[in-house]
Amino acid sequence: MSRGGRHAYAAISVLAAGALVLTGCSKGGSDSKDDNKKDKENAQRQQASIKFGDAADSTGPAAEVPGAKSGGTMEVLQRDSYAHLDPGQIYVSDEGSLATLLHRGLTGYKATSDDGSKHEVVGDLATDSGTTTDGGKTWKYTLKDGIKFQDGTPITSKDVRQTMERLFAPFINQGPPYVQQWLADSPGADYRKLLKDGPYKGKHLPDSILQTPDDKTIVFKFKSPHADLPYALAMAGYAIVSAKGDTKEKYDRAPVAAGPYKIQSFKSGKSMVLVKNTNWDPKTDPIRHQYVDKFNFTFNQQYEASTKTLLADSGADQAGISFNNQVDAGNLSKVLTDPKMKSRTVSGFQPYVGQMNINMSHPALKDKKIREAIAYALPITPFVRAFGGNDAMEVAGGLISPTVSGYDASFDPFGKRKKPAGDPDKAKALLKEAGKVGMKLTFGYINTPEGQQYSTAMAAGLKKAGFDVQRQEIPAETYYDQVSKLDNNYDIFHTAWGADWPSASTVIPPLYDGRGIADGAQNYSQVNDPKVNADIDRINKITDPVKAAAAWEKVDQYLVKDVVNVVPTAYYKQTQIAGSKVGGLVYDDVIGGVDPRRLFVK
């Protein structure tokens, strides 16, 4: 899943391998052995596989948070407003965090430790994480008693069917594709042919694929085994939508909540207020809490502004937090070294890998020498510095994160770890060979202070190599919507992606399968390489996770070194702070940041 707009998760403690190697490419971070050791341990912790829980594990209520009490209002300072609230359209980090309070799925991730480091997949609306007797071809789920939407309507299998079938409709184009592809037994975007209009013209998925024999029972039937279904169903993108309240496109602005909170008001780009959902029953929910009376969201709070406000710790902001904003670059070292801030600070390694996409649909960029020139010329130092140096991220060599199995710390084909400032001389030589010195590049960048800073410096580095770079700003709120359009005019633009659950199968296929090129899909570079497509089909059939991980890493290296459709930039870390009256503050590995479900006002 993406971040910065897109993230990962709904799922992410990934199988993982490899120590982290700090590059020391920028000032403002710490290069000490202690920090290196801590980062290594952080990544290795995320290597642990996540077990699928049984009925006992799936029984509510959730374990009490130590010291928690009910009541109060929490101020939430967010940079970006929410472009999507419909579960089927949610595939980004900030919307995913919000979804933990609003939406519920058949399964979900339950924290089994108070520090956010241990989890299991349990039944959320379902009585358990799912049962299969044929190796993952058939999965059965039974709904719990007493589960309702915010309007008091009981949640039944009819709602689950509606949820799954509407994912095939054309207007749902931003969410994850996994379950749809599995039901259709088809890669890429071809799954839409199975039910091209969704359920809205009277057609439905046949019982040979999806069965709902009574109000409580749901059976998924796949032609091929899919042992990862409990992971997939835990994603916000598969949370249950009300069949009665389904307003199609309008649902994206006013969804019907099943979680502990509902939306009282939402003014896009300005504010949002969440209040308690009185029809949420904690006895049915092993995952979430409802301690806070009200969450007041204020948008357009840049990292520097939210950090300054939370550091000041005065008035209502003593009960202030940001679900997704990180500490800004200027204050990061101060926050991490101030003993007084320790109790108000959480940090962790994220599964995200940043990458500069090269738009393969543009004729001029089909010349590999030009793409290689971009790869050599692109400076990574400005990107890392913009977010706070090595305390915020480290230079990447490939597309698989240090937290994901298959990671190869030695892979660095364009020498970014040794020369994070880029190699303009080598790049210019390639441009001369291609006869394209002075070639125009349109650089689409996210319009945030960090985006403005790194894009300006990155553009300058590309200009040194002989490119004529024109920067074009894109609003943060709709950034991923814009760059995922097939006809966008950006030659290069930056995105970040994290695994959706413990496998690089949730990295390579969604980003680089040429059959998945479509408006709103995640193949941002629009790469369509026959070898990559064939490798995806082959590796998806490998059942040994170790062998599969090694095979995915080979595809990673082929893409970066031989196809050159993207240039890896950085592996992400996250540091967040809260006001002194915020309780229940932990960094959750699966969420990739603050866990909103356990917060309370002291």
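Higher on the page you've got the structure.
Read on for an overview of the structure.

Criteria and cut-off values
Per chain, residues are indexed from 1 in the order of the written sequence. Local features in this predicted model are restricted to residues whose pLDDT is 70 or higher, and side-chain atom pairs enter the listing and the counts only when it is 80 or higher, whereas totals over whole chains, interfaces and linings include all residues. The side-chain values count all of the structure's non-hydrogen atoms but skip hydrogen atoms and water molecules. Note on conventions: DSSP H or I runs of at least 4 residues are helices, E runs of at least 2 residues are strands, and numbering of each starts at the N terminus. For every residue, the accessible area obtained with a 1.4 Å probe (protein chains only) is divided by the maximum for its type, and the residue is called buried under 20%, exposed over 50%, and partly exposed between those limits. Two residues qualify as a contact provided that any one of their heavy atoms is within 4.5 Å of a heavy atom in the partner residue. Only the protein chains shown count as cover for residues, and all accessible areas are computed by the Shrake-Rupley method using a 1.4 Å probe. Residues scored as charged are limited to Lys and Arg (positive) and Asp and Glu (negative), so that His and the chain ends carry no count. Charge positions are represented by NZ for Lys, CZ for Arg, CG for Asp and CD for Glu. By the convention used here, strands pair only if DSSP detects at least 2 bridges between them. Each Phe, Tyr or Trp ring, with Trp reduced to its six-membered ring, pairs with another whose centre is within 6.5 Å; inter-plane angles below 30 degrees give stacked pairs, above 60 give edge-to-face pairs, and intermediate values give tilted ones. Only lysine NZ and arginine CZ atoms are considered, and such an atom sits over a ring when it is within 6 Å of the ring centre and within 35 degrees of the ring normal. In this description, a nonpolar core means a group of buried Ala, Val, Leu, Ile, Met, Phe, Trp, Tyr and Cys residues linked to one another through side-chain atoms lying within 4.5 Å. As a rule, the C-alpha atoms of each element are fitted with a line to give its axis, helices using only the stretch in contact, and angles between N-to-C directions run from 0 to 180 degrees. In these notes the angle categories are as follows: under 35 degrees is roughly parallel, over 145 is roughly antiparallel, 65 to 115 is roughly perpendicular, and the rest is oblique. When residue character is reported, Ala, Val, Leu, Ile, Met, Phe, Trp, Tyr, Cys and Pro are called nonpolar, Asp, Glu, Lys and Arg charged, and the others, Gly included, polar. Salt bridge criterion: a side-chain nitrogen from Lys or Arg within 4 Å of a carboxyl oxygen from Asp or Glu.

1. Overview of the overall build of the protein chain
For the protein chain, the helix and strand inventory stands at 15 helices and 21 strands. Along the first, second and third principal axes, the C-alpha atoms of the protein chain reach 70 × 55 × 40 Å. Across the 602 residues that make up the protein chain, the buried fraction comes to 63%. Here the contacts in the protein chain between residues at least 6 apart in sequence split such that 76% fall between residues at least 24 apart. Carbon and sulfur atoms make up 49% of the accessible area of the protein chain, which amounts to about 21,700 Å² in all. Averaging the locations of the 75 positively and 70 negatively charged side chains of the protein chain gives two centres separated by 2 Å.

2. A few points about the pairing of strand 16 (residues 492–497)
Strand 16 sits mainly inside the fold: six of its six residues count as buried. Residue alternation in strand 16 divides its side chains into two sets, I492, H494 and A496 and F493, T495 and W497, and both sets are buried. Summarising the sheet, strand 12 (residues 345–358) and strand 16 pair through six bridges and their orientation is antiparallel. When the bridges of strand 16 are listed, N357 appears paired with F493.

3. Considering the sheet that holds strand 7 (residues 217–221)
Taken in spatial order, the three strands make up an open sheet running 5-7-6, and their pairing is antiparallel. A strand with exactly one partner marks an edge of an open sheet, and here the two such strands are strand 5 (138–142) and strand 6 (210–211). Bridging between strand 6 and strand 7 involves two bridges; their strand directions are antiparallel. Its bridge partner being in strand 7, Q211 is matched across the sheet by V219.

4. Some thoughts on the packing of aromatic side chains
All chains considered together, the criterion is met by 29 aromatic pairs. Centre to centre, the rings of Y141 and F220 are 6.1 Å apart; their planes meet at 85°, and the pair counts as edge-to-face. Within this pair, whereas Y141 is found in strand 5, its partner F220 is found in strand 7, the two being separated by 79 residues in sequence. For the pair Y141 and F220, a shared accessibility class is recorded, and that class is buried. Within the aromatic cluster, the residues linked to one another by ring pairs are F52, Y141, Y178, W182, F220, F222, Y231 and W501. Directly above the ring of Y200 sits K248, whose terminal nitrogen or CZ lies 5.0 Å from the centroid. R471 extends its terminal NZ or CZ atom over the ring of Y445, reaching a point 4.3 Å from the ring centre.

5. Structural notes on the nonpolar core
Counting residues in each nonpolar core, the largest one holds 134 residues, and the members touching the most others are L106, F220 and F467. Tallying contributions element by element places helix 15 (residues 545–563) first for this core, with eight residues. Apart from residues no more than four positions distant in its own chain, F467 is found in contact with I370, A373, I374, L431, M439, L441 and L462. The next biggest cluster of nonpolar side chains, apart from the first, holds 26 residues, and it includes L98, L102, F266 and A319.

6. Focus: the packing of helix 14 (residues 530–539) against helix 15
Interhelical geometry of helix 14 versus helix 15 gives an angle of 170° and a closest axis separation of 10 Å. Considering their axes alone, helix 14 and helix 15 lie roughly antiparallel with respect to each other. On helix 15, the residues that touch K531, V532, D535, I536 and I539 of helix 14 are A548, A551, W552, V555, Y558 and L559. Each residue belonging to the contact of helix 14 with helix 15 can be placed in one class, and the counts come to nine nonpolar, no polar and two charged.

7. A short note on the environment of P424
By the element assignment, P424 lies in helix 10 (residues 424–434). Accessibility expressed as a relative area gives 23% for P424, which makes it partly exposed. Each C-alpha atom of the pair P424 and H289 lies 53 Å from the other, and the pair is 135 residues apart in sequence. When near neighbours in sequence (up to four residues on either side) are disregarded, P424 contacts K464 and A465.

8. Focus on the side chain of E450
The residue E450 is located in helix 11 (residues 449–464) in this model. Salt bridges are absent for the buried E450, whose nearest opposite-charge side chain, R79, sits at 4.5 Å. Leave out the neighbours within four places in its chain, and E450 touches R79, Y303, A386 and F387.

9. Considerations on the pattern of salt bridges
The final tally for this structure, using the stated rule, is 28 salt bridges. Residue K276 pairs with D293 through a salt bridge whose shortest N-O separation is 3.3 Å. Note that K276 is positioned in strand 9 (residues 271–276) and D293 in the loop between strand 9 and strand 10 (294–298), a separation of 17 residues in sequence. In this structure D293 comes out as partly exposed when scored by relative accessible area, which is 35%. Across the salt bridge formed by D513 and R515, the nearest N and O atoms sit 2.9 Å from each other. Salt bridges sharing partners connect three or more residues here, namely K51, D57, K110 and E120.

10. What to know about the sheet that holds strand 1 (residues 51–52)
Spatial strand order, 1-4-3: three strands in an open sheet with mixed pairing. One side of each edge strand has no neighbouring strand; the edge strands of this open sheet are strand 1 and strand 3 (107–111).

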